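Each chain, written out:
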Amino acid sequence: MRHSSGGRPPYARHVTRRQVLGTAAAGALAGTAAPPARAAAAPPVRTGFDRLAGSGYALLAGDRVGVVTNPTGVTAGLRHIVDVLHADRRVDLRAVFGPEHGFRGTAQAGGSEPTGTDPATGLPVHDIHGKRGRELADLFRRAGVDTVVFDIQDVGARFYTYVWTLYDCLVATALAGLRTVVLDRPNPVSGRGAEGPVLERSLASGVGREPVAQAHGMTVAELARLFNAAHVPAAAGRPARLDTVLMSGWRRAGFFAATGLPWVPPSPNMPTPGTALAYAGTCLLEGTNLSEGRGTTLPFELAGAEGIDHRWAAALNDLDLPGVRFREAYAVPAFSKFQGRTIGGVQLHVHDPAAFRPVRTGIALLVTAKRVWPDFAWRPDRWIDRLAGTASVRTMTDAGAPVDDIVAAWQPGLAQFRALREEHLLYD
């Protein structure tokens with residue numbers, strides 16, 4: 001494990017293997033003794049939740065607990081953590097909190113599920129999507145919890161909102177005098193490095209509150225440490241009381257398939273790890289009048305519009321982008337942009353994930369679409385600036401700048417973020 005060269009930030013603590021797993025005898029008492037010979041092999045990676053469970057939930061002892069989670073909050077055996085915690089007398093679970101898309105994951109982008117009761121456990125489920133600051137702090141207080149546990153699978157892109165739900169929880173628990181416990185999960189597109197523009201504060205929104213690179217290359221526990229050291233004190237007047245439970249077996253260079261863990265879609269349009277791999281770049285198309293593939297069987301891996309033909313795929317393949325080729329493709333979206341109408345465009349085929357650069361690829365999609373399709377336009381609300389975190393992607397594309405020049409423009413800010421990021425990495 002790698003730790004900050006400057007030591008851990010105040011009020012932050014991550015839990016080591018010894019602290020979480022305890023002695024072999026304690027593991028046996030907690031039901032974590034070696035499985036019988038015929039049991040399925042354990043996955044190479046153990047999540048923060050599975051390690052916490054292996055400790056007998058020692059970190060939660062004596063606390064009234066609330067959990068921020070969604071369908072991805074499952075064990076390696078696909079039991080939902082809310083069901084597991086509710087059934088265990090060692091944990092005083094009081095409430096569940098649902099982010100964007102909801103606790104059960106049924107809502108589309110920008111939506112959530114209403115506050116209600118979980119029929120399986122009888123627990124109250126609170127909708128926290130869009131809530132932040134004092135409003136969220138007051139909700140946590142009313143829910144009667146001492147500790148807020150965060151366990152959601154992220155996909156490694158700044159504009160995927162769950163990391164900002166995490167940030168909002170840290171701010172709210174700091175304001176309320178509560179504690180946050182982050183249970184770590186893999187970055188499915190690897191933690192190899194940061195890529196893309198860093199958010200400018202003037203463009204902060206629900207898809208990016210603080211200066212983070214578009215593809216951050218971090219896990220949620222690492223981001224929690226970064227947020228708590230660099231940003232939460234300014235928002236809440238002090239850092240949050242933070243504990244993080246790390247994974248075992250995860251390596252930065254690994255992609256999701258190497259983890260041995262089951263993939264549960266973290267949102268309705270994120271069906272596979274391959275979707276997540278493309279998403280950090282192709283989601284930029286949300287800021288245009290092109291379809292980013294919502295409503296097709298390949299969201300974020302297929303893109304297009306009415307009137308686009310083979311010329312787009314040809315222009316993209318001419319760029320010889322690393323790790324990816326483009327196929328001329330056609331589809332009829334069932335919902336979202338161009339619903340019920342035939343679109344032409346491209347399908348991304350990532351043949352070398354380690355070489356693939358999603359943000360650079362996303363810029364190439366914009367630049368070439370504008371060149372080959374005369375109807376190309378940005379969304380009138382300039383959503384592209386919020387997604388990219390900078391206006392330069394839009395203005396340079398409009399000016400006819402090549403991909404290399406647009407990528408070069410964000411390198412100074414990216415270098416600063418990489419230096420900050422390095423202080424908070426926890427895995428090799």
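Residues numbered from 1 in each chain as written. Predicted model: local features only at pLDDT ≥ 70, side-chain atom pairs only at ≥ 80, totals over all residues. Heavy atoms only, no water.

Visitor: Where do I start with the overall build of the protein in this structure?
Guide: Of the regular secondary structure elements, the protein holds 15 helices and 13 strands. For 428 residues, the compact-globule formula gives about 22 Å, and the C-alpha radius of gyration of the protein, at 22 Å, lands near that figure. Seen through its principal axes, the protein has C-alpha atoms that stretch 65 × 50 × 45 Å. Taken over 428 residues, the protein has a buried fraction of 59%. (Helix = DSSP H or I, 4+ residues; strand = E, 2+ residues; numbered from the N terminus. Rg over C-alpha atoms; globule rule 2.2 N^0.38 Å. Buried < 20%, exposed > 50% of the residue type's maximum accessible area, 1.4 Å probe, protein only.)

Visitor: Help me out: how do you make sense of the pattern of salt bridges in this one?
Guide: Pairing is possible between side chains that carry opposite charge, provided their charged atoms lie close to one another. Summed over all chains, the structure comprises 20 salt bridges. Among the charged side chains, a network of salt bridges with common partners joins E286, E292, R294 and K337. (Salt bridge = Lys/Arg side-chain N within 4 Å of Asp/Glu carboxyl O.)

Visitor: What exactly am I supposed to notice about the sheet that holds strand β11 (residues 302-305) here?
Guide: Hydrogen bonds between backbone atoms are what pair the strands of a sheet, whose relative direction is either parallel or antiparallel. Spatially, β11-β13-β12 is the arrangement adopted by the three strands of the open sheet, whose pairing is antiparallel. Where the open sheet ends on each side, the last strands, each with one partner, are β11 and β12 (324-331). Strand-to-strand twist across the sheet, computed as the mean angle between neighbouring axes with direction ignored, equals 25°. (Pairing = 2+ DSSP bridges. Axes fitted to C-alpha atoms, helices over the stretch in contact; angles between N-to-C directions.)

Visitor: Please explain the packing of aromatic side chains as it appears in this structure.
Guide: Given two aromatic rings, one states the distance between the centres and the angle between the planes to describe the pair. Throughout the structure, instances matching the rule amount to 12 aromatic pairs. Ring geometry for W164 versus Y167: centroids 5.9 Å apart, planes at 70°, classification edge-to-face. Of this pair, W164 and Y167 both sit in helix α6 (residues 162-176), three residues apart, which is roughly one turn of that helix. You'll find W164 and Y167 in the same group, each marked buried. Here the aromatic residues F159, Y160, Y162, Y279 and F300 are joined through ring pairs into a cluster of three or more. (Phe/Tyr/Trp six-rings, centres within 6.5 Å; stacked < 30°, edge-to-face > 60°.)

Visitor: Before we go on, may I ask you to explain the nonpolar core in this structure?
Guide: Looking at soluble globular proteins, one finds that nonpolar side chains tend to be buried together. Within the largest apolar cluster, 110 residues are counted, with the highest numbers of intra-cluster contacts made by F140, F227, Y279, W312 and I363. When residues of this core are assigned to their parent elements, the largest contribution, 12 residues, is made by α6. Setting aside anything within four residues of it in sequence, one finds Y279 in contact with V155, A157, F159, Y160, M270 and F300. Y57, V82, V91 and V181 belong to the second-largest nonpolar core, a separate cluster that totals 22 residues. (Core = buried A, V, L, I, M, F, W, Y, C linked by side-chain atoms within 4.5 Å. Contact = heavy atoms within 4.5 Å.)

Visitor: Help me understand the pairing of β11, please; the structure alone is not making it clear to me.
Guide: Both faces of the sheet carry side chains from a regular strand, because those side chains alternate between them. What you see with β11 is no split at all: L302 and G304 on one side and A303 and A305 on the other are buried throughout. Note that β11 and strand β13 (residues 343-350) share four bridges and pair antiparallel. Opposite A303, over in β13, you have V346 as the bridge partner.

Visitor: What should I look at first to understand helix α15 (residues 411-422) in this one?
Guide: Taking 1.5 Å as the rise per residue, α15 with 12 residues should run 16 Å; its terminal C-alpha atoms sit 16 Å apart, in good agreement. Contacts from the buried residues of α15 go to β8 (195-198), β9 (213-215) and α7 (220-230). (Expected span 1.5 Å × (residues − 1).)

Visitor: Looking at this structure, how should I read helix α5 (residues 133-142)?
Guide: At 3.6 residues per turn, the α-helix brings residues three or four places apart onto the same side. Residues of α5 that are buried include every one of G133, L136, A137, L139 and F140, and no others. The buried residues of α5 occupy one face: seen down the axis, they fall within an arc of 160°. What points out from α5, more than 90 degrees from its buried face, is the exposed set R134 and R142. Packing partners of the buried residues in α5 comprise β3 (92-98), β5 (124-127), β6 (147-151) and α6. Two residues or fewer past α5, G144 is found with a positive phi of approximately 75°. (Arc of directions from axis to C-beta.)

Visitor: Can you walk me through the pairing of β13 in this structure?
Guide: Where burial is concerned, most of β13 is hidden: six out of the eight residues are buried. In terms of strand pairing, β12 meets β13 through eight bridges, oriented antiparallel. In the sheet register, A329 faces β13, and the bridge partner there is G345.

Visitor: Explanation requested: the environment of G191 in the structure shown.
Guide: Summarising the element assignment, G191 is placed in the loop between β7 (179-183) and β8. For G191 and W250, which are 59 residues apart along the polypeptide, the C-alpha to C-alpha distance reads 9.8 Å.

Visitor: Is there a simple way to explain unusual backbone geometry in this structure?
Guide: Excluding glycine, a negative phi dihedral is what most residues carry, and trans is how most peptide bonds are arranged. The phi dihedral of F338 falls on the positive side, at around 60°, and the residue is not glycine. Along the chain, the position of F338 falls in the loop between β12 and β13. With relative accessibility at 13%, the residue F338 sits in the buried group. The backbone of R382 sits at a positive phi, close to 55°, despite the residue not being glycine. Relative to the assigned elements, R382 resides in the loop between α11 (358-372) and α12 (383-388).

Visitor: Explain the side chain of D50 to me, please; I cannot follow it from the model alone.
Guide: The topology assignment puts D50 in helix α3 (residues 48-54). One buried charge, D50, has no salt-bridge partner; the nearest side chain with opposite charge is R46, at 5.8 Å. If we skip the residues at most four places from it in the chain, D50 touches T75 and A76. (Lys, Arg positive; Asp, Glu negative; His and termini not counted.)

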